[in-house]
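For reference, the chains in residue letters:
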Amino acid sequence: MEKIKIILTGESGVGKTCIINQYVNQRFDSAYLTTIGTDKYLKEITIKAKILKLEIWDTAGQERFRSVNTIFMKNSQIAILVYDITDKDSFKNLNYWYETIKDNNKEKVLYCVVGNKNDRYEERNVEEEEGKKFAKDNNMLFFESSAMDFESIEKIFIGASEKYVEEKEKEKELKAKNEKERKEKEKEKEKEKEKEKNINLNDEKNKKNNDNDNKKTGCC
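This write-up is about the structure you can find in this document. This is a predicted model, so every value here is computed, not measured.

## Let's talk about helix α5 (residues 128–137)
Residues three or four positions apart in an α-helix share a direction because the helix packs 3.6 residues into each turn.
Moving on, step 1. When α5 is considered as a whole, its buried residues turn out to be Gly131, Phe134 and Ala135. One side of α5 carries all its buried residues, which in axial view fall inside an arc of 95°. Facing away from the buried side of α5 by more than 90 degrees, the exposed set consists of Glu129, Lys133, Lys136 and Asp137.
Moving on, step 2. Those residues of α5 that are buried lie in contact with β4 (78–84), α3 (88–92), α4 (94–103), β5 (110–116) and β6 (141–144).
Moving on, step 3. A positive phi of about 55° marks Asn139, the residue just after α5.

This is how it looks when you write it as structure tokens:
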């Protein structure tokens, strides 16, 4: 079983906890409770016949917890950046969360952008195309969701996990291809060395034969 660390980040109040609660427990709680520091949730899923153990981290968006959050951002494999479609500032601050995750991870991270609360479409202040453009410009997956709707939330985690597995398989294939090419090059080098060695041996043999012939025909 492969473990995947997923971190959700974004401003306070964008719905990170509600998203996770809906996905893990299929429950929506309209009462807003601020996350203190970080919380961890676990869920097992199957992608392409592979069982994955998702380790989902919920981080606080409040500024006083940001220094603590960076500790838990390390070694993330998937990062989900959440904004509230009714709150323009939460969208504008995505760059901060993106840069913070990049600064705290040496390895490659799969990024997703999620515009949450799309059930409140009448209060929308961030157009869907704006979110899509940000995602495209930064090579991220894009989703819009409502934490009240399990299907829209499930699409985020399944879509991100599928992309993660797909990229890992491509990396594995590329690594195998490069290793095969490396071995083939080594074989070619060995053949060239052997060929050069045989040429040198033949040259030495011919030289020796010529020396012997010269001795036989030399004046006594």
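More follows now that the structure is in view.
## Focus on the packing of aromatic side chains
What describes a pair of aromatic rings is the distance from one ring centre to the other and the angle between the planes of the rings.
Moving on, step 1. All told, the structure shown has seven aromatic pairs when counted by the stated rule.
Moving on, step 2. For the pair Tyr96 and Trp97, a centre-to-centre distance of 4.9 Å together with 80° between the ring planes defines the contact as edge-to-face.
Moving on, step 3. The residue whose ring lies beneath Lys5 is Trp57, and the NZ or CZ to ring-centre distance is 5.2 Å.
Moving on, step 4. In this arrangement the basic side chain of Lys43 is found over the ring face of Tyr23, its NZ or CZ atom lying 4.2 Å from the centre.

## Some thoughts on the sheet that holds β4
Strand-to-strand pairing in sheets goes through backbone hydrogen bonds, with the strands running parallel or antiparallel.
Moving on, step 1. Spatially, six strands are ordered β2-β3-β1-β4-β5-β6 in an open sheet, and the strand pairing comes out mixed. Two strands in the sheet have a free side with no partner beyond their single neighbour: β2 (38–47) and β6. This sheet shows a mean twist of 25° between the axes of neighbouring strands, independent of strand direction.
Moving on, step 2. Relative to β6, β5 is paired through four bridges, and the arrangement is parallel. Opposite Val114, over in β6, you have Phe143 as the bridge partner.
Moving on, step 3. The strands touched by helix α1 (residues 16–25) within the sheet are β1 (2–9), β2, β3 (50–59), β4 and β5, with β3 carrying the most contacts at an inclination of about 150°.

## Structural notes on α4
Moving on, step 1. What α4 keeps buried is the set Leu94, Trp97, Tyr98, Thr100 and Ile101. All buried residues of α4 lie within an arc of 165° about the axis, which places them on one face of the element.

## Thoughts on the side chain of Glu11
Moving on, step 1. On the secondary structure map, Glu11 appears in the loop between β1 and α1.
Moving on, step 2. At 2.8 Å, the side chain of Glu11 forms a polar contact with the side chain of Trp97.

## Concerning the pattern of salt bridges
Moving on, step 1. One pass over the structure, following the stated rule, counts 19 salt bridges.
Moving on, step 2. Here Lys3 makes a salt bridge to Glu55, at a shortest N to O gap of 3.6 Å. You can see Lys3 sitting in strand β1 and its partner Glu55 sitting in strand β3, a full 52 residues away along the chain.
Moving on, step 3. Given the relative accessible area of 49%, Lys3 is considered partly exposed.
Moving on, step 4. Using a relative accessible area of 11% as the deciding quantity, one classes Glu55 as buried.
Moving on, step 5. Among the salt bridges present, the one from Glu186 reaches Arg182, with a minimum N-O distance of 2.5 Å. Of the two residues, Glu186 and Arg182 are both situated in helix α6 (residues 150–217); the distance of four residues between them amounts to about one turn of the helix.
Moving on, step 6. With a relative accessible area of 40%, Glu186 lands in the partly exposed category.
Moving on, step 7. Through salt bridges with shared partners, a single network forms among Lys108, Glu167, Lys168 and Glu171.

## Things to note about the environment of Asn116
Moving on, step 1. Looking at the secondary structure, you find Asn116 in strand β5.
Moving on, step 2. Its relative accessible area of 2% is what places Asn116 among the buried residues.
Moving on, step 3. Put simply, Asn116 and Gly15 are 101 residues apart on the chain and 6.9 Å apart in space, counted from C-alpha to C-alpha.
Moving on, step 4. Setting aside its immediate chain neighbours within four residues, Asn116 contacts Val14, Gly15, Ile19, Val82, Tyr83, Asp84, Ile85, Ser145, Ser146 and Ala147.
Moving on, step 5. Polar side-chain contacts of Asn116 include one of 3.0 Å to the side chain of Ser145.

## Thoughts on the pairing of β5
Moving on, step 1. Counting buried positions along β5 gives seven out of seven residues, so the element sits mostly inside the fold.
Moving on, step 2. On β5, burial covers both faces: Leu110, Cys112, Val114 and Asn116 on one face and Tyr111, Val113 and Gly115 on the other are all buried.
Moving on, step 3. Sheet analysis places β4 next to β5, joined by seven bridges and oriented parallel. Each bridged residue has a counterpart across the sheet, and for Ile80 the counterpart in β5 is Cys112.

Parameters and conventions
- Residues numbered from 1 in each chain as written.
- Predicted model: local features only at pLDDT ≥ 70, side-chain atom pairs only at ≥ 80, totals over all residues.
- Heavy atoms only, no water.
- Buried < 20%, exposed > 50% of the residue type's maximum accessible area, 1.4 Å probe, protein only.
- Helix = DSSP H or I, 4+ residues; strand = E, 2+ residues; numbered from the N terminus.
- Arc of directions from axis to C-beta.
- Contact = heavy atoms within 4.5 Å.
- Phe/Tyr/Trp six-rings, centres within 6.5 Å; stacked < 30°, edge-to-face > 60°.
- Lys NZ or Arg CZ within 6 Å of the ring centre and 35° of its normal.
- Pairing = 2+ DSSP bridges.
- Axes fitted to C-alpha atoms, helices over the stretch in contact; angles between N-to-C directions.
- Polar contact = N/O pair within 3.5 Å; in protein donor to acceptor, adjacent residues only side chain to side chain.
- Salt bridge = Lys/Arg side-chain N within 4 Å of Asp/Glu carboxyl O.

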